[in-house]
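Residue-level listing of the chains:
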Amino acid sequence: MLRIITVLALLAAPTAAFADRAEADACAKGLSGESLKTYRAGVGLVEQKRTLEQAVRAHLEPLYNAGKITESEGRKIGEEAAKCMRLVHRAS
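Now for a look at the structure at hand. Since the structure is predicted, the reported quantities are computational estimates derived from the model, not experimental observations. (Residues numbered from 1 in each chain as written. Predicted model: local features only at pLDDT ≥ 70, side-chain atom pairs only at ≥ 80, totals over all residues. Heavy atoms only, no water.)

Observations concerning the packing of helix H2 (residues 33-47) against helix H3 (residues 52-65)
Next, step 1: Put simply, H2 and H3 touch, their axes get as near as 8 Å, and they point 135° apart. On the basis of the axis angle, H2 is oblique to H3. Read as a crossing pair, H2 and H3 show a hand that is right-handed. Taking contact as the criterion, the partners of Glu34, Lys37, Thr38, Ala41, Gly42, Leu45 and Val46 in H2 are, on H3, Leu52, Gln54, Ala55, Val56, Ala58, His59, Leu60 and Leu63.
Next, step 2: A breakdown of the residues in the contact of H2 with H3 according to their chemical character gives nine nonpolar, four polar and two charged. (Axes fitted to C-alpha atoms, helices over the stretch in contact; angles between N-to-C directions. Helix = DSSP H or I, 4+ residues; strand = E, 2+ residues; numbered from the N terminus. Parallel < 35°, antiparallel > 145°, perpendicular 65-115°, else oblique. Left-handed = near helix turned anticlockwise from the far one by under 90°. Contact = heavy atoms within 4.5 Å. Nonpolar A, V, L, I, M, F, W, Y, C, P; charged D, E, K, R; others polar.)

In C-alpha cells:
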C-alpha cells in the first residue's frame, strides 16, 4: 500500500509542474515582439530555479548594453515576460 501511495505521489509531482508551465505558455501567447523572445529565452532558466530577475536579465542586458533597447523599454519588456514566467516560478 505504501509503495502505491509513493508511486502516485511521484507521478503527481511532475504533472503539477507541467500544468504551471502550460499555464505560463498560455500566458505567453499574449506576448509579442521582444517580450515573447524574453519569455522564451528565460522560461527554461526559471524552471532551473533561477530568479525572475536572473532569467529576464540574461536576455535583456546584452540588448541594453548594445544600445538596442533603452532602460525603460527593457523594464517594460521584462515585466511583461516575468508576468508569465512567474506562473512557472511559483511551482518551484
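Resuming the write-up.
Topic: the pattern of salt bridges
Next, step 1: The full count for this structure, using the stated rule, is six salt bridges.
Next, step 2: Residue glutamate 53 is joined to arginine 57 by a salt bridge in which the shortest nitrogen-to-oxygen separation is 2.9 Å. Linking glutamate 53 with arginine 57, this pair stays in helix H3, spanning four residues, or about one helical turn.
Next, step 3: For glutamate 53, a relative accessible area of 53% translates into the label exposed.
Next, step 4: The class of arginine 57 is partly exposed, set by a relative accessible area of 42%.
Next, step 5: Taking the shortest distance from any N to any O, the salt bridge between arginine 75 and glutamate 71 comes out at 3.0 Å. In this pair, arginine 75 and glutamate 71 both sit in helix H4 (residues 71-89), four residues apart, roughly one turn of the helix. (Salt bridge = Lys/Arg side-chain N within 4 Å of Asp/Glu carboxyl O. Buried < 20%, exposed > 50% of the residue type's maximum accessible area, 1.4 Å probe, protein only.)

With respect to unusual backbone geometry
Next, step 1: For lysine 49, which is not glycine, the phi torsion reads 75° and is therefore positive.
Next, step 2: Tracing the chain through its elements places lysine 49 in the loop between H2 and H3.
Next, step 3: Classification of lysine 49 as exposed rests on a relative accessible area of 58%.

Considerations on H2
Next, step 1: Its 15 residues place the ends of H2 22 Å apart at the C-alpha level, agreeing with the 21 Å of an ideal helix rising 1.5 Å per residue.
Next, step 2: At alanine 41, H2 shows its maximal bend, which comes to roughly 30°.
Next, step 3: All buried positions along H2 are accounted for by Ser35, Leu36, Thr38, Tyr39, Gly42, Val43, Leu45 and Val46.
Next, step 4: Phi turns positive one or two residues past the end of H2, at lysine 49, with a value near 75°. (Expected span 1.5 Å × (residues − 1). Bend = angle between axes of the 7 residues up to and from the residue.)

Some thoughts on the state of the cysteines
Next, step 1: Taken as a whole and assessed by the stated rule, the structure comprises one disulfide.
Next, step 2: Through a disulfide, cysteine 27 is tied to cysteine 84; the S-S separation comes to 2.0 Å. Since a negative S-S torsion denotes a left-handed disulfide, the cysteine 27-cysteine 84 link at about -65° is left-handed. A residue pair is termed long-range when its members are at least 10 positions apart, and cysteine 27 in helix H1 (residues 2-28) and cysteine 84 in helix H4 qualify at 57 residues.
Next, step 3: Residue class for cysteine 27 comes out partly exposed when judged on its relative accessible area of 26%. (Disulfide = S-S within 2.5 Å.)

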